[in-house]
Amino acid sequence: MQIIKTTDHQQMSRYAANIISAQVIMKPTCVLGLATGATPMGIYKQLIEWYRKNDVDFSLVTSVNLDEYCDLSGDHEQSYRYYMNENFFRHINIAPENTFLPAGDAADYEKECSDYDALIQRLGGLDLQLLGIGHDGHIGFNEPADEYVPGTHRVRLLDETIEANSRFFSGVDKVPKYALTMGIRDIMQAKKIVLVASGEEKAEILHKALTGPVSPRIPASVLQLHPNVILVADEMAMQHFA
Ligand code: GLP
């Protein structure tokens, strides 16, 4: 694992954006696995800025997001589709038809999940997967569990995650209890993984996940087994690393 320690969230965002833009420049037809949450916001802002300066072109890129809440339509302000459209896609020249997220409101979610895995395979896999880390060590919405789930699946969110994500909703009771997420195989098959973390509240889980035993109880720990992970994290998030 390559570790890039930055001074703060802003520098973390710029460095991670640099890696993503290098990926797009080197392979204009690449498949980007994208993530939501507060951590990657600055990365998307930076990429938009470089797009506007003509430094990066997304016209041939395909994006496949990690996850989506169940029971929210794509135009709901807290859906991840809405987040991606508003914070990234509508500001760049990616073709809307080449942007994919699991349809969280699909009636037949099992079919939706297997179609999503088939889509990832058809695209030839993910060239680069951007990942944040949840407070409980989740990646995408792969929550701590007794075993890893390989493919895209429906997951019951843990109370801790519902609580953590309630900051984006008008109340904790408004947070969906279920989500569709790529599985661990989908993520681990990415050719390159860029893991980003920022702030003191991620320090403990980041250290545990990357230096402790590999266990589905801390889903992100599986990243220790991936041959090409780049961790871009700020000093606060890395305070427990020697
Ligand atoms: C959500 C997302 C994850 C993300 C996590 C951390 O639960 N499903 O993909 O990594 O939140 O988000 P944040 O960056 O806001 O701490």
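Above: the structure in question.
Numbering of residues begins from 1 in every chain and follows the order in which that chain's sequence is written. It should be noted that, the model being predicted, local features are given only for residues of pLDDT at least 70 and side-chain atom pairs only at 80 or more, the latter also being counted only at that level, while totals for whole chains, interfaces and linings use all residues. For the side-chain quantities, the full set of heavy atoms in the structure was used; hydrogens and water were omitted.

Engineer: Would you mind going over the environment of Gly 104 in detail, with residue names and values included?
Structural biologist: Looking at the secondary structure, you find Gly 104 in the loop between strand 5 (99-100) and helix 4 (109-122). As a C-alpha pair, Gly 104 and Val 229 span 125 residues in sequence and 28 Å in three-dimensional space. Secondary structure elements follow DSSP: runs of H or I of four or more residues count as helices, runs of E of two or more count as strands, with numbering from the N terminus.

Engineer: A description of helix 4 should follow, citing residues and the corresponding values.
Structural biologist: An ideal rise of 1.5 Å per residue puts 20 Å on 14 residues; helix 4 measures up with 19 Å between its terminal C-alpha atoms. Working definition: with a 1.4 Å probe on protein chains only, accessible area under 20% of the residue-type maximum means buried, over 50% means exposed, and in between means partly exposed. Every buried residue of helix 4 is listed here: Glu 112, Cys 113, Tyr 116, Asp 117, Leu 119 and Ile 120. Looking straight down helix 4, one finds its buried side chains confined to an arc of 155°; they lie on one side. Opposite the buried face of helix 4, by more than 90 degrees, sit the exposed residues Glu 110 and Arg 122. Each helix should span, by expectation, one fewer than its residue count multiplied by 1.5 Å. The directions from the helix axis to the C-beta atoms are what the arc is built from.

Engineer: Tell me about the site of the ligand, and name the residues and values.
Structural biologist: Near the ligand you find 13 residues, and of these Ala 38, Thr 39, Asp 67, His 138 and Lys 202 are the closest. By the criterion applied in these results, polar contacts are pairs of N or O atoms within 3.5 Å in which, for protein atoms, one can donate a hydrogen and the other can accept it, and in which residues neighboring in sequence qualify only through two side-chain atoms. Within the side chain of His 138, a nitrogen or oxygen atom sits 2.9 Å from an oxygen atom of the ligand. Gly 140 is positioned with one of its backbone polar atoms (N or O) 3.2 Å from a nitrogen atom of the ligand. Calculation of accessible area relied on Shrake-Rupley with a 1.4 Å probe; when residues are assessed, cover is drawn exclusively from the protein chains displayed. Protein chains bury 97% of the 390 Å² of accessible surface belonging to the ligand in isolation. Cavity membership is defined here by more than half of the atoms lying within 2 Å of grid points; on that basis the ligand lies in the largest pocket. Whether a residue is near a molecule or strand depends on its heavy atoms: it is near if one of them lies within 4 Å of it. The definitions used throughout rest on a 1 Å grid laid over the protein atoms alone, on which a cavity is an enclosed set of points accommodating a 1.4 Å probe that cannot get out and a pocket is an open set flanked by protein within 12 Å on both sides along at least five of seven lines; lining residues are those having an atom within 4 Å of a point. Here the criterion for a molecule occupying a pocket or cavity is that more than half of its atoms lie within 2 Å of the pocket grid points.

Engineer: Give a description of unusual backbone geometry that names residues and reports values.
Structural biologist: Its identity is not glycine, yet Asn 54 carries a phi of approximately 70°, on the positive side. As for its placement among the helices and strands, Asn 54 is situated in the loop between helix 2 (41-52) and strand 3 (62-65). On the basis of relative accessible area, Asn 54 is assigned to the exposed category, the value being 70%. The residue Asp 71 is not glycine, and still its phi comes out positive at about 65°. Its place among the elements puts Asp 71 in the loop between strand 4 (67-69) and helix 3 (80-87).

Engineer: Kindly report on the sheet that holds strand 5, identifying the contributing residues and their values.
Structural biologist: Only strands that DSSP links by at least two bridges are regarded as paired with each other. Read from one edge of the open sheet, seven strands run 1-10-9-6-2-3-5, paired in parallel fashion. Since the sheet does not close on itself, it has two edges, and those belong to strand 1 (2-6) and strand 5, each with one partner. Summarising the sheet, strand 2 (residues 31-34) and strand 3 pair through four bridges and their orientation is parallel. Counterpart to Gly 33 in the pairing with strand 3 is Val 64.

Engineer: Give a description of the packing of aromatic side chains that names residues and reports values.
Structural biologist: Between two aromatic rings, the relevant description is the distance of the centres plus the angle of the planes. Here a Phe, Tyr or Trp ring, Trp counted by its six-membered ring, pairs with any other such ring whose centre lies within 6.5 Å, and the pair is stacked when the planes are under 30 degrees apart, edge-to-face when over 60, and tilted otherwise. Tallied over the entire structure, the rule returns eight aromatic pairs. Measuring from centroid to centroid gives 4.8 Å for Tyr 69 and Tyr 80, while their planes differ by 45°, and the two rings are tilted. Of this pair, Tyr 69 sits in strand 4 while Tyr 80 sits in helix 3, and the two are 11 residues apart along the sequence. When sorted by exposure, Tyr 69 lands in the same class as Tyr 80, which is buried. Taken together, a centroid distance of 5.5 Å and an interplanar angle of 45° make the contact between Tyr 69 and Phe 141 tilted. Linking Tyr 69 in strand 4 with Phe 141 in the loop between strand 6 (128-131) and strand 7 (153-156), this pair joins segments that are 72 residues apart in sequence.

Engineer: Could you give me a rundown of the side chain of Thr 99, with the residues and numbers involved?
Structural biologist: Structurally, Thr 99 can be placed in strand 5. Of the residues examined, Thr 99 reaches a relative accessible area of 5% and is grouped as buried. There is a polar contact of 2.7 Å between the side chain of Thr 99 and the backbone oxygen of Pro 96. Should any heavy atoms of two residues lie within 4.5 Å, those residues are counted as being in contact. Here Thr 99 is in contact with Ser 63, Arg 81, Phe 89 and Ile 94, once residues within four sequence places are set aside.

Engineer: Account for the layout of surface pockets, naming residues and giving values.
Structural biologist: Grid points are joined across faces, edges and corners, and a volume is the space filled by probe spheres set on the points. By volume, the largest pocket amounts to about 610 Å³. Along the walls of the largest pocket sit 39 residues, with Thr 36, Gly 37, Ala 38, Tyr 80 and Arg 167 positioned nearest its centre. Ranked by residues supplied to the lining of the largest pocket, first place goes to helix 3 with five residues. By the convention adopted, Pro, Cys, Tyr, Trp, Phe, Met, Ile, Leu, Val and Ala count as nonpolar, Lys, Arg, Asp and Glu as charged, and the other residues, Gly among them, as polar. In the lining of the largest pocket, the residues fall into 16 nonpolar, 15 polar and eight charged.

Engineer: Give a detailed account of helix 2, specifying residues and quantitative values.
Structural biologist: When the terminal C-alpha atoms of helix 2 are compared, their 17 Å separation across 12 residues agrees well with the 16 Å that a helix rising 1.5 Å per residue should span. Of all the residues in helix 2, the buried ones are Gly 42, Ile 43, Tyr 44, Gln 46, Leu 47, Ile 48 and Trp 50. On the buried face of helix 2, the contacting elements are helix 1 (9-26), strand 2, helix 3, strand 6 and strand 9 (192-197). Backbone geometry just after helix 2 places Asn 54 at a positive phi near 70°.

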